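# Fold and contact review
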Amino acid sequence: MQESEMHEEHEALPEVEALLEAMTEELELLFERRELDRERLIPVGIHTGGVWVAQALRERLGLEEPLATLDIGFWRDDFGHKGLPDGGQGSQLPDIENRDLLLVDDVLMSGRTVRAALNELFDYGRPRRVLLACLVELPGRELPVQPDALGANLALAPGKRIKLEGPDNLRLTLVDTGEVTA
Amino acid sequence: MNLFDLSQASADVRAASPAQVQLDEQGRLRHFLDIEGLPRSVLTEILDTADHFRGIGDAEVKKVPLLRGRTVANLFFENSTRTRATFELAAKRLSADVLNLDIKTSSAAKGESLMDTLVNLEAMQADAFVVRHGDSGAAHFIASQITPHVAIINAGDGRHAHPTQAMLDMLTIRRHKGEFANLRVAIVGDILHSRVARSQIQALNTLGAAEVRVVAPQTLLPIGVETLGCQVFTELAAGLKDVDVVIMLRLQKERMDGALLPSESEYYRRYGLTRESLAHAHPDAVVMHPGPINRGVEIESAVADGPRSLILDQVTNGIAVRMAVLSMAVSGQMKARAERRGERSRGAGA
Amino acid sequence: MKRSLINARVIDPTNGRDGQYDLHLDGGRLIAIGEAPADFSAEQRDDLAGKLVTPAFIDLGAHLRDPGPRYKGSLVSESAAALAGGYATILPRPDTSPVLDSASHIRTLLDRARDVAGVRLAPLGALTQGLEGDLLANMAALKSAGCVALTNLRQPIRDLGVLRRCLEYARTFDITVVFQAQEAALAGQGCAHEGAIASRLGLAGIPESAETVALTQWLLLIEQTGVRAHVSLLSSARAVDLVRDAKARGLDISADVSMAQLHWTDEQLEGFNANFHLEPPLRSAVDRDALRAGVVDGTIDAIVSDHLPHEAAAKSAPFAVSEPGMTSLETMLPLGLALVKAELLSLPRLIETLTFSARRFGLKGGMLEVGEYCDLAVIDMEQEWRVSSETLVSAGHNTPLLGMLLKGRVEEVLLGDTGYV
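Keep in mind that this is a model prediction, so the values were computed, not measured.

### Quick word on the sheet that holds strand 6 (residues 44-47) of chain C
All names here are of chain C. Here we have four strands laid out as an open sheet, ordered 5-4-1-6, and mixed in their pairing. A single partner strand is all that each edge strand has here, and the edge strands are strand 5 (29-33) and strand 6. Neighbour-to-neighbour, the strand axes of the sheet open up by a mean angle of 20 degrees, direction not taken into account. Note that strand 1 (residues 2-6) and strand 6 share four bridges and pair parallel. Bridge assignment links Ile 6 to a residue of strand 6, and that residue is Asp 47.

### Some points on the domain arrangement of chain B
Residues and elements named next belong to chain B. Domains assigned within chain B are domain 1 (18-162 + 316-335) and domain 2 (163-310). A separation of 26 Å is found between the C-alpha centroids of domain 1 and domain 2. Between domain 1 and domain 2, the contact holds 35 residues from the first and 28 residues from the second. The three residues of domain 1 that bury the most area against domain 2 are Leu 47, Arg 159 and His 162, which together make up 30% of that side's buried surface. Here domain 1 and domain 2 share 13 residue pairs in polar contact (both at pLDDT 80 or more) between them. Of all the elements in the fold, those that place two or more residues in the side of domain 1 that touches domain 2 are helix 2 (40-58), helix 3 (81-93), strand 3 (128-133), strand 4 (151-157) and helix 13 (311-340). Sort the elements by how many residues they give to the side of domain 1 that touches domain 2 and helix 2 lands first, with nine residues. In the side of domain 1 that touches domain 2, the residues fall into 14 nonpolar, nine polar and twelve charged.

### Focus on the interface of chain B and chain A
Each partner contributes residues to the interface: chain B has 26 residues there, and chain A has 25 residues. Approximately 2,200 Å² of surface area, both sides summed, lies buried where chain B meets chain A, with 64% of it carried by carbon and sulfur atoms. The tally of links between chain B and chain A comes to zero salt bridges. Taken together, the elements giving at least two residues each to the side of chain B that touches chain A come down to helix 2 and helix 13 of chain B. Looking at which element gives the most residues to the side of chain B that touches chain A, the answer is helix 13 of chain B, with seven residues. Grouping the constituent residues of the side of chain B that touches chain A by class yields 14 nonpolar, seven polar and five charged.

### A short note on the packing of aromatic side chains
Residues and elements named next belong to chain C. The final tally for this structure, using the stated rule, is six aromatic pairs over all chains. Each ring, one from Trp 264 and one from Phe 276, has its centre 5.2 Å from the other, and the planes form 75 degrees; the classification is edge-to-face. Taken together, the positions of Trp 264 in the loop between helix 9 (259-263) and helix 10 (285-297) and Phe 276 in the loop between helix 9 and helix 10 put the pair twelve residues apart, joining distant regions of the chain. Its relative accessible area of 2% is what places Phe 276 among the buried residues. The ring of Tyr 373 is capped by Arg 29, whose NZ or CZ atom sits 4.3 Å from the centre of that ring.

### Details of helix 8 (residues 237-248) of chain C
Residues and elements named next belong to chain C. Between its terminal C-alpha atoms helix 8 stretches 17 Å, which fits the 16 Å expected from twelve residues at 1.5 Å a residue. Tucked inside the fold, the buried residues of helix 8 contact helix 7 (208-225), strand 16 (229-231), strand 17 (253-258) and helix 10. Positioned one or two residues after helix 8, Gly 250 has a phi angle of 95 degrees, which is positive.

### Topic: the interface of chain B and chain C
Quite often, the size of an interface is put as the accessible area lost when its parts meet. Of the residues lining the interface, 33 residues belong to chain B; the matching set on chain C comes to 39 residues. Overall, the association of chain B and chain C removes approximately 2,700 Å² of surface from exposure, summing both partners, and the carbon and sulfur fraction of that is 62%. For chain B, the biggest contributors to the area lost against chain C are Leu 3, Phe 4 and Val 13 of chain B; these three give 23% of the whole. Our count for the contact surface shared by chain B and chain C stands at one salt bridge. Between Arg 200 of chain C and Glu 36 of chain B there is a salt bridge, with its nearest N and O atoms 2.9 Å apart. Inspection of the region where chain B meets chain C yields eight residue pairs in polar contact (both at pLDDT 80 or more). Every element with two or more residues in the side of chain B that touches chain C is listed here: helix 4 (114-122), helix 5 (138-146) and helix 7 (195-206) of chain B. Classifying every residue of the side of chain B that touches chain C gives 15 nonpolar, eleven polar and seven charged.

### Observations regarding the arrangement of the chains
Of all two pairs of chains in contact, the one with the most contacts involves chains B and C. Without any contact between them, chain A and chain C keep their closest C-alpha atoms 28 Å apart.

### Observations regarding the sheet that holds strand 11 (residues 124-126) of chain C
Residues and elements named next belong to chain C. One open sheet accounts for six strands, arranged 11-12-13-16-17-18; its pairing is parallel. Of all strands in the sheet, those with a lone pairing partner are strand 11 and strand 18 (302-304), marking the two edges. For this sheet, the mean inter-axis angle between neighbouring strands, taken without regard to orientation, is 30 degrees. Where strand 16 meets strand 17, three bridges bridge the pair, whose relative direction is parallel. Counted as the bridge partner of Val 231 is Ala 255 from strand 17. In this fold helix 7 packs onto strand 13 (177-179), strand 16 and strand 17, with an angle of close to 165 degrees to the strand it touches most, strand 13.

### Digging into the packing of helix 8 of chain C against helix 10 of chain C
Residue and element names in this part refer to chain C. Between helix 8 and helix 10, the shortest axis-to-axis distance is 8 Å and the interhelical angle comes to 30 degrees. By the angle between their axes, helix 8 is roughly parallel relative to helix 10. Contact with helix 8, carried on its side by Ala 237, Val 240 and Arg 244, involves Val 286, Asp 287, Ala 290, Leu 291, Gly 294 and Asp 297 of helix 10 and no other residues of that element.

### Topic: the side chain of Ser 309 of chain B
Within the secondary structure, Ser 309 of chain B sits in the loop between helix 12 (301-304) and helix 13. Discounting chain neighbours no more than four positions away, the residues touching Ser 309 of chain B are Val 287, Val 303 and Ala 304 of chain B.

### Topic: the packing of helix 12 (residues 332-341) of chain C against helix 13 (residues 347-360) of chain C
All names here are of chain C. Where helix 12 contacts helix 13, the axes come no closer than 9 Å and their chain directions differ by 145 degrees. Seen along the crossing, helix 12 lies across helix 13 with a hand that is right-handed. Facing Met 332, Gly 336, Leu 337 and Val 340 of helix 12, the residues of helix 13 in contact are Leu 347, Leu 350 and Leu 354. Of the residues belonging to the contact of helix 12 with helix 13, the class tally is six nonpolar, one polar and no charged.

### Remarks on the pairing of strand 4 (residues 129-137) of chain A
Residue and element names in this part refer to chain A. The buried count for strand 4 comes to seven of nine residues, which makes it a mostly enclosed element. Following the chain from strand 3 (residues 100-108) across helix 5 (residues 112-124) to the adjacent parallel strand 4, one finds a crossover that is right-handed. One ladder, built from four bridges, connects strand 4 with strand 5 (residues 149-153); its direction is parallel. Across the sheet, Val 136 pairs through a bridge with Ala 152, a residue of strand 5.

### Let's talk about the confidence of the model for chain C
Any region with low pLDDT has predicted coordinates that should not be read closely. Residue-level pLDDT values for chain C average 96, and 99% of them are 70 or greater. Prediction confidence for the complex, expressed as pTM and ipTM, is 0.90 and 0.92 respectively.

### Some remarks on the environment of Glu 223 of chain C
Residue and element names in this part refer to chain C. In this fold, Glu 223 is placed in helix 7. Separated by 29 residues in sequence, Glu 223 and Asp 252 place their C-alpha atoms 8.5 Å apart. Beyond its immediate sequence surroundings of up to four residues, Glu 223 is in contact with Arg 249 and Leu 251.

Rules used throughout
- Residues numbered from 1 in each chain as written.
- Chains lettered and ligands numbered in written order.
- Predicted model: local features only at pLDDT ≥ 70, side-chain atom pairs only at ≥ 80, totals over all residues.
- Heavy atoms only, no water.
- Pairing = 2+ DSSP bridges.
- Helix = DSSP H or I, 4+ residues; strand = E, 2+ residues; numbered from the N terminus.
- Axes fitted to C-alpha atoms, helices over the stretch in contact; angles between N-to-C directions.
- Domains from an automatic or database assignment.
- Contact = heavy atoms within 4.5 Å.
- Buried area = accessible area lost by both parts, 1.4 Å probe.
- Polar contact = N/O pair within 3.5 Å; in protein donor to acceptor, adjacent residues only side chain to side chain.
- Nonpolar A, V, L, I, M, F, W, Y, C, P; charged D, E, K, R; others polar.
- Salt bridge = Lys/Arg side-chain N within 4 Å of Asp/Glu carboxyl O.
- Phe/Tyr/Trp six-rings, centres within 6.5 Å; stacked < 30°, edge-to-face > 60°.
- Buried < 20%, exposed > 50% of the residue type's maximum accessible area, 1.4 Å probe, protein only.
- Lys NZ or Arg CZ within 6 Å of the ring centre and 35° of its normal.
- Expected span 1.5 Å × (residues − 1).
- Parallel < 35°, antiparallel > 145°, perpendicular 65-115°, else oblique.
- Left-handed = near helix turned anticlockwise from the far one by under 90°.
- Right-handed = clockwise from strand over helix to strand, strands pointing away.
- pLDDT = per-residue confidence, 0-100.

Here it is in structure tokens:
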């Protein structure tokens, strides 16, 4: 699925609706196989795009627990290079001790965001199980992180980055990074 | 009119301005020494970051790993249990290791110069020094001449500045009163000896307060204080009239000995904040005090403990503000170090 | 040796000379100005076209750091600095270690100076024992040993009664008293001019009144006792007014100001620059302008160096604990020429202020006198040089001009009574 720069941006990227459908199916199968109690499963979205995806999944999966949110700004590992993160909305988490969590993010690439999220979660408490659901996966993994449920596996042209627009009418767009390596 | 352009002189004999020392070429904070020289955007960034840290402080998990593996050294040349404790707490909430160096009882007491004391400490490879010193300009001196690559946080230098106190006061004001544009603020007490007052006046002006007033007898007013950007009052009722925020300063007992004041009782009668004198202020006015308070000397207990008092908030905000400046200054130094090594920052992975 | 200096501009303010004159000397004595006598044939002719020749300068109050701790300087280094700055005679301040309050100390100093110093010393002795302001020093003995004046510098005298006695006793022996006006209680622990800048920087201030109150007291007692006096290191406009009034009233009083005070104000303290930590402190622009005007109108007679060399550590400290003072002998000429260039002072007047102390204190030198030994400074007003640890001769490099390119340099100082050897 190599994207060509000559294609119109929106035409090349999948529709979010379709991705959510695919993820929902995968997760339903997963719940069965692993015998997960969906009434007690806590959806945790990573700011900002992950929160939107988590919200959508929560609705489609009919999860009971309210949506929890994670701001991983202060758990990032690039403080030395990039300094303090801007703004930040703060994390909203219930008691996660011994609970099953569905961690949700929009784009998975290096894996550092997920690692930061796990670090933060474990500062709060000790969950029993954490599942990872991502809307989109890109090449460039730097850490051993794999999603349990995935919308689509994409590859981008050099110098491009993907971004989820929202919170209404969720859609994926291409953005220039200005850098050569993704 | 200077006949010589001293900017051409050797760097060894030139003094850097507060802006030059505190901010790097990109305008990032690398030392926090003084409100003077910092633009409004930096002060606002400190307040916003502190707000964020306050949020963390309210949550179950109060720690963030930002400064994990880093060392913050407290260098207190003057006694202060409270300020040092809040800095220590702030550093620990950032997951830093904390070193308390009680300089008073060691080398400095033996007559070792400040320069010699600190050159030895540089070898300890701390990432930040929190410094409180009895000489005005000490923090500036340390940051510009001794350890420019270690973040220096000024916890109070002589009569000159106490910028973290000023910022926690600003945060407290912002959280209760919103924006500064319409605020009238009165600072009452020993302005002459107060590093807190100097920093507060500067912060209020930079953040755009409508009016800043100082209220004190003439013996406790510095010459030319109005040039700092405030109106001068020697009468409490007039000074408090319609103000939105009243900041009371602590009166030290020594002032009576120095023939600056006749007695605590006379001071309390004329300048003490009581329910009666507070009535001159706006009905919604709030009361602040950097602490520790002298009950019955500058403030009545009923006011200090009353519904308009934000004194306890100030303490909580102090931890958040100190976390903010510690992380901002250390971050600035780390970035500068990375740049010096010629690394380019990698793009954030997802 | 017979020597002729030709084609130079010669400025000799005492004798009203400013123009191109040839000078003819024999063994350091001035034989003729202008045309050489018929029987005079020079063994050495120096063509000094484009250069300036003046009487060599005399400085009141420089600190030569001797006797005293070596790391701050010594007679050898500081007298060399004086020569480099165009000075032939120094009246060194007596707050050395030990204080110069006894005849034996003065004799020891003068003996040493004869051996090692390149310049002539005309010592200032202490007015009170140890400069402590309590007991009279042996003033007559100090004078006999060679002191040209006595001073208590900035140190307080116990009380006005004691001060009066000091002045009366000095007058008995026709001794000139040099004083610096500072009222200790008003100055307190101050280290900077009491004003808006010190207030903002949180530095304890020395109010103008610390100078003017003390000056007024001294002037009235000088008037009462009839002593001959010189007030040194003025710093405020109001003080200049007081001196002007006193002179108008007929008091036998002279005054000086340091070169630094004519250039800089308390604005230089920004950033806590300890290189501008001075005693008395740099005050406001109004004060500086009045000091300049005082030099021009003659209220202030001399410009002095207030030379105080320090090791680097003395200035490497927070402002209030840094030691006050600048090394200044070697930068006097370029700083003075900058005032001339800015038309704040005429060149002859500048030379006059740098040589005034000779006349006032009854010293040889400070002017060209046919038949007398002649100290001369040969000056290149155009030569540029960079102030650095390499070019400075003084043991102290504590000057805010370090690294600056300055214009004006003394090429040579010829000391008459050495026969220019």
